[in-house]
Structures are given as structure tokens and as C-alpha cells.
There are 2 protein chains.
Amino acid sequence: MNKLYVVGMGPGAYEEMTVRAVKILEQCQVIVGYTLYVDLIREHFSEKEFLTTPMRREIERCRLALKTAQAGRTTAMICSGDAGVYGMSGVLLEMSRDYPEAEIEIVPGVTAAVSGAACLGAPLMHDFAVISLSDLMTPWELIERRLRSAAEADFVICLYNPSSRKRSDYLKRACDILLHFRKAGSLCGVVRNIAREGMTSRVCTLEELREMKTDMFTTVFIGNSGTKQVNGHLVTPRGYSL
Amino acid sequence: MNKLYVVGMGPGAYEEMTVRAVKILEQCQVIVGYTLYVDLIREHFSEKEFLTTPMRREIERCRLALKTAQAGRTTAMICSGDAGVYGMSGVLLEMSRDYPEAEIEIVPGVTAAVSGAACLGAPLMHDFAVISLSDLMTPWELIERRLRSAAEADFVICLYNPSSRKRSDYLKRACDILLHFRKAGSLCGVVRNIAREGMTSRVCTLEELREMKTDMFTTVFIGNSGTKQVNGHLVTPRGYSL
């Protein structure tokens, strides 16, 4: 059996990878990934062979990784954040049935909900729901149902893929649903380019979030009914008596 | 201003910390934490001063960390998993108003939802909710409401603190709620002692989960309606056509 490591690289910077992820990339022969993410860490592993595919070519990229491992080369497939949160680990496990010599090991990383929360303060201190607004593979009706349920039960909500060029009004539509359940002035946070050049973060109200432009590098947080601002940080209290 | 770093150490093993977390601990003068977690990494930072408090002494531990930083020593407070997910970063930000010389920086880590998922396969590939079953600071009625809402909207659910000695039947009560919404034989997963000695993981049905003994070192996953087993792994499909 030849190893295919599926490595979550964290939000972007080399230093946000785990020690285990770094060691595994150092000992692999081939690193496979989406061009943009490979470029973020390439300089630290300059002697490796890199195989990249552009965006939207996920299945092609997985097949490339499995074939490389099947052929006897120790391979790592890198994903931004964690490979198990809207990443490639699930589909790789499913596809691996056709590549019996490739043995998959999943190496967890810091997903954007967690790294984005750290930039804003501590919005995820209580129960939270993670929802992707991408309807490429999920019916929009199901996304709406999840937004309603999460808001109704007062979860903190973290949104992945809040919008893209083709889905420019999705965040607005999501906010319209959430505004039914949250009182005026409810606190939210937005982080863009976490741990990368040009990182920005901002605390705002749900009404302001509704008017905001976001993109696929943005992670959005909607506080629960108790979320507040502490010295400019977004904090969801857990309930300790101070 | 003196730095107080709030460091998520990941599930337990030194290698599961991020490169940034390791560098920060190396440059700190004092490391503060819960005795059990400090012991997991102590040997790697043998020249540091360690200050520990036992379980349940969270506020005391935070005050100790803030006082140490306020007194001019570069300090790190370590939390298992990520400090922002049922951790100490929120309460530290709130308490820091009384320690104007302590400047808090939050260093994210791999939370148990993510590290546990990697042990089981890929259960979190689609929208998920994270819920703690501890009612120490949350009314049980609110926990039940969140379980119902998350199940009704077909979220994958990850449970933290599924039980303790005082709350031995809480997981059973949670499963009874979830069984109203999931069909018989729905798939779940349980991971104990993630990335520590004696780690175990198991895929089971929701009915089997109901009868299971768990403790505070266990993380529980309840799949959505599409979650399946692939070669013994728990996988929630995202919707790629293979």
C-alpha cells in the first residue's frame, strides 16, 4: 500500500499548518493541489514535485492524486482549511475503491470557522452551525431551511462561500431570512483572506452585513442573541459568572 | 503592553499543534493551563515556567494568566482543541478589561469536531451543527431545542461533552430526540482520546449510540440522511458526481 495523505493546510500561511502536516509534506514525493493553495506554501517545499489543477477541477485533482499514489509514489493532496469541511476527503475516500494500492490518511487542519473566529475575537464560544451558501451541489431550498432552523434555535452561524460572481445576492437573501429571527442591530463579523496578505476583518450589524460585498475568500459569522462587542472584539458569552 | 497568547493546542499530541502555536510557546516566559493538558506537552517546553489549575477552575486560571501578563511576563494560556470553541478566549477577552497592560492574541488550533472527523473518515463534508450537551451553563431546554432544530434541518451534528459522571444519561436523552427525525439505522461515529494514547473510534447506528457509555474525552458525530459507510469510514457525500 502507498500512502495518500489528505492534508488540511489551515487558512493559508505556512505557519498555520500543524507540525504533523509539515512533516508529512516534507516526506512526500508529490504534492497535489489547487494552483492557488499550492502557491501559498510552494517555497517551503521547493524540492517536491507539484501537480496542480485549476478551480472547479476537483474530481480531476482527486484522480491525479489517487493515480500518483497507486503508481507507488508517496503523495499528499493539500486542501485549504481542513480537508474534511467542504473539502476533498469525502470524495477521495469514495473514489479510493478504484485504487486499491492507495491508502488514505486524513491530516486535519484549522478550518476557516475556527481561524476566522480567532481574528474577530470569540464568536464561537457557544453552539454553532456551519452552512455553505453555495448551491452548486445543494438545492437552495435546503440551504434556506438550514438557515431558518439555525436562526430559530439561536445558534451562532458561520457561513462558508457567502457569494461568488454568479451568486452575488445570496448573502443578501440569507440575511433576509436571518432578520426574521434576530432583533435589529444583531452583531455579525466578516473576515477576508484569513492569515494571508491583505487580511481584513470587521464587526458589523446584520443589517450592514446584508449590504456587504463578499467573495469566495470571505467567511461570515452571525452571532446568537447574546453575542456582544468587547473592546472591538466579537464575543459570544458562554455563561461564566465573572 | 505585554502579550497574553491564547493558544489552541489541538487534540493533544504536540505534533497536532500549528507551527505558529509551537513558536509562540517557545518564546513565552510562562505557560498557563489545565494540569492535564499542560502534561501532554510539558516535555517539549521543559525550560518554561508552568502555572496550572485543576478542572473547573477556569476563571481562576484566566485571572492567573492575565495577572502574569499584566506583571510584564510574556504569557501563553493553552486550551485543548481550539480556544474559541467552548474554550477560554471569550471569557479572557471579557476579563481583560481589568488588566489594561495585557494584550490578548488568539492562536487558533484544530478543534475536536475537525480532528475527530478525520479519525472517522469525512462526516463533516456538508453543513453541520456543533452542540455541547453540558448543561452546567446552558439550560437543558435550549440544548434540546437546538438538537431538534439541527435534526429537523438534516444537519450533520457533532456533540461535545456528551456526558460526565453527573450527566450519565444525557447522550441517551439526546439520541431519543434525534431518533424522531432520523430513520432507523442512521449512521453515527464516536471518537475517544483523539491523538492521545489509547485513541479509539467506532462507526455505529443511532440506536447503538443511544446505549453507549461516553465521557468528557469523547466526541460524537451523528450523520445526516445521506451519510454512509465507505470501507469502514463514515462519509457524508457532498454531491460530486463520480
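Residues numbered from 1 in each chain as written. Chains lettered and ligands numbered in written order. Predicted model: local features only at pLDDT ≥ 70, side-chain atom pairs only at ≥ 80, totals over all residues. Heavy atoms only, no water.

### What about the overall build of chain A?
Along chain A, the regular secondary structure elements total eight helices and 13 strands. Here the C-alpha radius of gyration of chain A, 19 Å, is about what a compact globule of 242 residues would show, namely 18 Å. Considered along the principal axes of its C-alpha atoms, chain A spans approximately 60 × 40 × 30 Å. When contacts within chain A are restricted to residue pairs at least 6 apart in sequence, long-range pairs at least 24 apart make up 70% of them. Carbon together with sulfur atoms contributes 46% to the accessible area of chain A, which is approximately 9400 Å² in total. Distance between charge centres in chain A, computed from 29 positive and 28 negative side chains, equals 3 Å. (Helix = DSSP H or I, 4+ residues; strand = E, 2+ residues; numbered from the N terminus. Rg over C-alpha atoms; globule rule 2.2 N^0.38 Å. Contact = heavy atoms within 4.5 Å. Areas by Shrake-Rupley, 256 points an atom, 1.4 Å probe, with all protein chains shown as cover. Lys, Arg positive; Asp, Glu negative; His and termini not counted. Charge placed at Lys NZ, Arg CZ, Asp CG, Glu CD.)

### A few points about the interface of chain A and chain B
Every contact between the two is made by 69 residues of chain A and, on the other side, 69 residues of chain B. In total, about 6200 Å² of surface goes out of reach between chain A and chain B, with carbon and sulfur atoms giving 61% of it. The three residues of chain A that bury the most area against chain B are A:M137, A:R146 and A:Y240, which together make up 12% of that side's buried surface. Connecting chain A to chain B are twelve salt bridges. A salt bridge links B:E94 to A:K228, with the nearest nitrogen and oxygen atoms 2.8 Å apart. (Buried area = accessible area lost by both parts, 1.4 Å probe. Salt bridge = Lys/Arg side-chain N within 4 Å of Asp/Glu carboxyl O.)

### Remarks on the packing of aromatic side chains
Residues and elements named next belong to chain A. A complete count under the given rule lists eight aromatic pairs over all chains for this structure. For the ring pair W140 and Y170, a centre distance of 4.7 Å and an interplane angle of 55° mean the geometry is tilted. Highlighted residues: W140 in helix α6 (residues 140–152) and Y170 in helix α7 (residues 170–178), separated in sequence by 30 residues. Y170 matches W140 in its accessibility class, with the two residues each being buried. (Phe/Tyr/Trp six-rings, centres within 6.5 Å; stacked < 30°, edge-to-face > 60°. Buried < 20%, exposed > 50% of the residue type's maximum accessible area, 1.4 Å probe, protein only.)

### What to know about the pairing of strand β11 (residues 218–222) of chain B
All names here are of chain B. Within β11, five of the five residues are buried, leaving the element largely enclosed by the surrounding structure. Of the two faces of β11, the one carrying T218, V220 and I222 and the one carrying T219 and F221 are both buried. Note: strand β8 (residues 156–160) against β11, three bridges, orientation antiparallel. Looking across to β11, one finds that I157 is bridged to I222. Relative to β11, strand β9 (residues 187–192) runs antiparallel, the two being bridged by five bridges. Within β11, the position partnered with V191 by the bridge is T219. (Pairing = 2+ DSSP bridges.)

### Structural notes on the relation of the copies chain A and chain B
In the superposition of chain A on chain B (RMSD 0.0 Å, axial shift 0.0 Å), the rotation amounts to 180°. Viewed as a symmetry operation, the transformation between the two copies matches a two-fold axis. Of the interface residues in chain A, 100% have counterparts in chain B that sit at the interface too, so the contact is made through matching surfaces. (Least-squares fit on C-alpha atoms with pLDDT ≥ 70 in both.)

### Details of the environment of B:V220
Residue and element names in this part refer to chain B. Locating V220 in the fold gives a position in strand β11. The sequence separation of V220 and E207 amounts to 13 residues, and the corresponding C-alpha distance is 13 Å. Excluding residues within four positions of it along the chain, V220 makes contact with I157, C158, L159, P162, G189, V190, L209 and T214.

### Re the packing of α6(A) against α7(A)
Residue and element names in this part refer to chain A. Contact geometry for α6 and α7: axes closest at 9 Å, N-to-C directions at 40°. With respect to α7, the axis of α6 lies oblique. At the point where α6 passes α7, the crossing takes the right-handed sense. Mapping the contact onto sequence places W140, E144, L147, R148 and A151 in α6 and Y170, R173, A174, I177 and L178 in α7. For the contact of α6 with α7, the residue count by class is seven nonpolar, no polar and three charged. (Axes fitted to C-alpha atoms, helices over the stretch in contact; angles between N-to-C directions. Parallel < 35°, antiparallel > 145°, perpendicular 65-115°, else oblique. Left-handed = near helix turned anticlockwise from the far one by under 90°. Nonpolar A, V, L, I, M, F, W, Y, C, P; charged D, E, K, R; others polar.)

### Concerning the sheet that holds strand β6 (residues 121–122) of chain A
Residues and elements named next belong to chain A. Here we have three strands laid out as an open sheet, ordered β6-β13-β12, and mixed in their pairing. A single partner strand is all that each edge strand has here, and the edge strands are β6 and β12 (228–230). Pairing analysis gives two bridges linking β6 to strand β13 (residues 233–235), with the strands arranged parallel. The residue bridging A122 from the neighbouring strand is V235, located in β13.

### Some points on the confidence of the model for chain A
On average, residues of chain A score 95 in pLDDT, and 100% of them reach the 70 mark or higher. In the predicted assembly, ipTM is 0.97 and pTM is 0.97. (pLDDT = per-residue confidence, 0-100.)

### Observations concerning empty space enclosed by the protein
The full count for this structure, using the stated rule, is four cavities of 30 Å³ or more. For the largest cavity, the calculated volume is near 80 Å³. Contributing to the lining of the largest cavity are A:Y86, A:S132, A:S134, A:L136, A:M137, A:T138, A:I143, B:H126, B:D127 and B:R238. Considered class by class, the residues forming the lining of the largest cavity number four nonpolar, four polar and two charged. If you trace the second largest cavity, you find it lined by A:H126, A:R238, B:Y86, B:S132, B:S134, B:M137 and B:T138. Within the lining of the second largest cavity, the residues separate by chemical class into two nonpolar, four polar and one charged. (1 Å grid on protein atoms, 1.4 Å probe; cavity = no way out; pocket = protein on both sides within 12 Å on 5 of 7 lines; lining within 4 Å. Points joined across faces, edges and corners; volume = space filled by probe spheres on them.)

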